[in-house]
Amino acid sequence: MGRTWRHSAAAIVTGTLLAWGLGAGGTPAVAAVACPSGVDSDFNGDGIRDTVIADPEATLGTVAKAGEVHVVYGGGKGTLTFSQTLDNIPGAPEANDQYGYALAVYDADLDGCSDLVVGTPYEDMGTVPDAGVVHLLYGSTSGLNAGTKPVKEFYQGTDKPLGGGTETDDWVGYSLAAGKTSAGAPYLLIGNPGESIGTVDDAGGFYYVGGTAQTVGFVHQDTETAGAVPGTAEQDDRFGTTLAATPTHFAVGAPGEALGTVAFAGGVGLFSHALTTNSPKPVNGLGQDQDVIGGAPEVDDQFGAALAMVPYRASGATSTTESLLAVGVPGEDLSTTVDAGAVQVFKLAANGTFAETAWIDQNSADVDQESEAGDFFGKRLAAVNTSPNTTATATTTRLAIGVPGEESSEEHAEKGGVQIVPLVGAPGASDQWIDPGYGVPGIPAPRQLAGLSLAATPSLLYVGMPYGPAEARGVHGFPWNVASGAAPTVTIKPGEGGLPATGVAFGTTVR
């Protein structure tokens, strides 16, 4: 799209509404006296969690897949819909931009109000197609993007925030993760999986944006900083495709990583938030070619195609310095069952040493359902630790596993579903199962792909249903201890509660 600006009269009006914390058809986001600290995803500082839902396939005017993002303020305090049609959002919508493809939330300036990060990996920068861009929208007591701070853009260029050079299909912003380190510093991770390293196409990398000063470091698999980054930059590694983080560690997925001669076997790099010249410290790497890791590398396993990570405190520990990491392996073959999928769970010590604690698939003891070809179990993951400052248990640490290829009959091919298991202890000891028509509202139908959109909050697992019959479309919030087949306690649908009824894939991404 370049840095052009194109706005209709309607867009200008909507931009004015945005300045007051409104979206089209929305109501005011009631301002707080000051932004409190300690409430995640609280954009307007009222102490109540807010929800962000993206529709990156939304058509804006005649522009297909331009994308838009919706905010539902907690406590019934209104909604906000924004896109690149608005005056105070940089750029302009173009076909297949997919604004909102990735989302992250953190307090970038430590003012107590949460801030929103929006990834648009297919954004054209000038004449460079699909280079990608990331927007940081600041929260305020008047609402998201309604205070005095303008949107901050992160994109490539020798004199731009991310530095380097802009190239076709870099996909900056394909993945995002953000939060606060154990030392209290804000951080933002930006995936750049299409980056070429020298002459090596699609080797990939990521950016680490650290502190309130937002210093930027770029890391790829040939980077030498405070230790070697796991792996070597190779064609189609796509290092940075997935990201997950805790205050102590973060993980970077390279699902295209070749292990020896095994193409697309996949791998994961592990890092700490300790910085050397703005770059984080690599501490370890994971791959199925290691003797201490279950399974064997196979073509197209895609180990690391999904990641989820939570803080972990062992029994007797007085602080939380460890992490639990779940790694999705959606292309894993189970004996002769092709692409059934699996998930592997690892405990990471503060120094990055690790131990595998679980292998989970639908053939695991007492786990509901059974493995079938093309299930792609582990294609998406979301995890929670509801009590990170106490000893971790099967009740406090939970993992949601997307199974988008699941089918209940030939009539409902790729209906999909979600498996919820404990991260501590035997996965079948307290697992639950939900899918369309069985917990997820609506009727089962082909290609609903339930499990492709998952998000974790301390109290709810959000399951986005952007595809299939209209009755099931929306975002459904389930308690983490939901019984198998039980109904959601929260449902957010387009056309309700002040949200526009238009859209194409509402709920593709949720935070």
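Quick caveat, the model's predicted, so the values are computed rather than measured.

## Some details on the confidence of the model for the protein chain
At step 1: Considering every residue of the protein chain, the mean pLDDT works out to 91; 93% of them sit at 70 or more.
At step 2: Below a pLDDT of 50 lies the segment residues 1–29, which in the model reaches 77 contacts outside its immediate sequence neighbourhood of four places, other chains included.

## Some points on the environment of Trp480
At step 1: You can see Trp480 is positioned in the loop between β29 (474–479) and β30 (490–492).
At step 2: Taking C-alpha positions, Trp480 is 9.4 Å from Val421, a pair spaced 59 residues apart along the chain.
At step 3: Within the structure, the side chain of Trp480 is placed 3.0 Å from the backbone oxygen of Thr457, a separation counted as a polar contact.
At step 4: In this structure the side chain of Trp480 is engaged in a polar contact, spanning 3.3 Å, whose partner is the backbone oxygen of Leu460.

## Some words on unusual backbone geometry
At step 1: In this model, Leu110 sits at a positive phi of 55°, which is unusual for a non-glycine residue.
At step 2: Here Leu110 shows up in the loop between β4 (102–106) and β5 (115–120).
At step 3: A residue is classified by how much of its surface remains accessible, and Leu110, at 39% relative accessible area, is partly exposed.

## Comments concerning the side chain of Asp202
At step 1: Relative to the assigned elements, Asp202 resides in the loop between β9 (186–192) and β10 (205–210).
At step 2: Here Asp202 is in contact with Asp169, Pro193, Gly194, Glu195, Ser196, Glu234, Gln235, Asp236, Asp237 and Arg238, once residues within four sequence places are set aside.

## Focus: the packing of aromatic side chains
At step 1: Scanning all chains against the criterion turns up 14 aromatic pairs.
At step 2: Residues Tyr207 and Phe218 carry aromatic rings whose centres are separated by 4.8 Å and whose planes lie at 40° to one another, so their mutual orientation is tilted. Separated by 11 residues along the polypeptide, Tyr207 in strand β10 and Phe218 in strand β11 (residues 215–219) bring together distant segments of the chain.
At step 3: With a centroid separation of 6.5 Å and an interplanar angle of 75°, the aromatic rings of Phe303 and Phe346 are classed as edge-to-face.

## Some remarks on the sheet that holds strand β14 (residues 242–245)
At step 1: The 4 strands are arranged β14-β15-β16-β17 in an open sheet whose pairing can be described as antiparallel. Lying at the two open borders of the sheet, with one neighbouring strand each, are β14 and β17 (279–286). Looking at each pair of strands side by side, their axes are set apart by 25° on average, direction ignored.
At step 2: Of the pairings in the sheet, the one linking strand β16 (residues 267–276) to β17 comprises 7 bridges and is antiparallel in character. Counted as the bridge partner of Val268 is Leu286 from β17.

## Regarding the nonpolar core
At step 1: Counting 20 residues, the largest nonpolar core has Val343, Val345, Ile360, Leu381, Leu399, Ile401 and Leu423 as its most contacted members.
At step 2: Within the residue set of this core, elements represented by two or more residues are β18 (306–312), β19 (322–329), β20 (342–348), β21 (354–360), β22 (380–385) and β23 (397–402).
At step 3: Take this core: its biggest share by element is 4 residues, from β18.
At step 4: Once residues lying within four places of it in the same chain are set aside, the contact partners of Leu399 are Ala308, Ala326, Val343, Ile360, Leu381, Ala382, Ala383, Gln419, Ile420, Val421, Leu423 and Trp480.
At step 5: With 18 residues, the next largest nonpolar core counts Tyr73, Val105, Val118 and Leu137 among its residues.

## Comments concerning the environment of Tyr122
At step 1: Relative to the helices and strands, Tyr122 resides in the loop between β5 and β6 (133–137).
At step 2: When the C-alpha positions of Tyr122 and Tyr73 are compared, they lie 28 Å apart, and in sequence the two are 49 residues distant.

## Observations regarding the sheet that holds strand β1 (residues 51–55)
One key point about sheets: their strands pair by backbone hydrogen bonds, in either a parallel or an antiparallel sense.
At step 1: Strand order in the open sheet made by the 4 strands is β3-β2-β1-β31, with antiparallel pairing throughout. At either end of the open sheet lies a strand with only one pairing partner, and these are β3 (79–82) and β31 (509–510).
At step 2: In this sheet, β3 lies alongside strand β2 (residues 68–72) in antiparallel orientation, the contact comprising 4 bridges. Counterpart to Val71 in the pairing with β3 is Leu80.

Reading guide: rules and limits
Numbers given for residues are sequential positions, taken from 1 along each chain in its written order. Per-residue local features of the predicted model are confined to residues with pLDDT of at least 70, and side-chain atom pairs are confined, for both listing and counting, to 80 or more; whole-chain, interface and lining totals are unaffected and use all residues. As a rule here, side-chain values cover all heavy atoms of the structure and leave hydrogens and water aside. What pLDDT conveys is the predictor's confidence in a given residue, as a value from 0 to 100. Working rule for contacts: check all heavy atoms of both residues, and any pair within 4.5 Å makes them a contact. Elements are defined by DSSP. Helices are runs of H or I of four residues or more, strands are runs of E of two residues or more, and each kind is numbered from the N terminus. Here a polar contact is taken to be a pair of N or O atoms separated by no more than 3.5 Å, where protein atoms must pair a possible hydrogen donor with a possible acceptor and residues adjacent in sequence count only if both atoms sit in side chains. Whether a residue is buried, partly exposed or exposed follows from its accessible area with a 1.4 Å probe, protein chains only, as a fraction of its type maximum: under 20%, in between, or over 50%, in that order. Pairing of aromatic rings covers Phe, Tyr and Trp, the last through its six-membered ring, and needs centres within 6.5 Å; plane angles under 30 degrees mean stacked, over 60 mean edge-to-face, and all others mean tilted. Paired strands are those between which DSSP finds at least two bridges. Axis lines are fitted to C-alpha atoms, over the contacting stretch for helices. Their N-to-C directions set the angle, which ranges from 0 to 180 degrees. Here, nonpolar core refers to any group of buried Ala, Val, Leu, Ile, Met, Phe, Trp, Tyr and Cys residues whose side-chain atoms link them within 4.5 Å.

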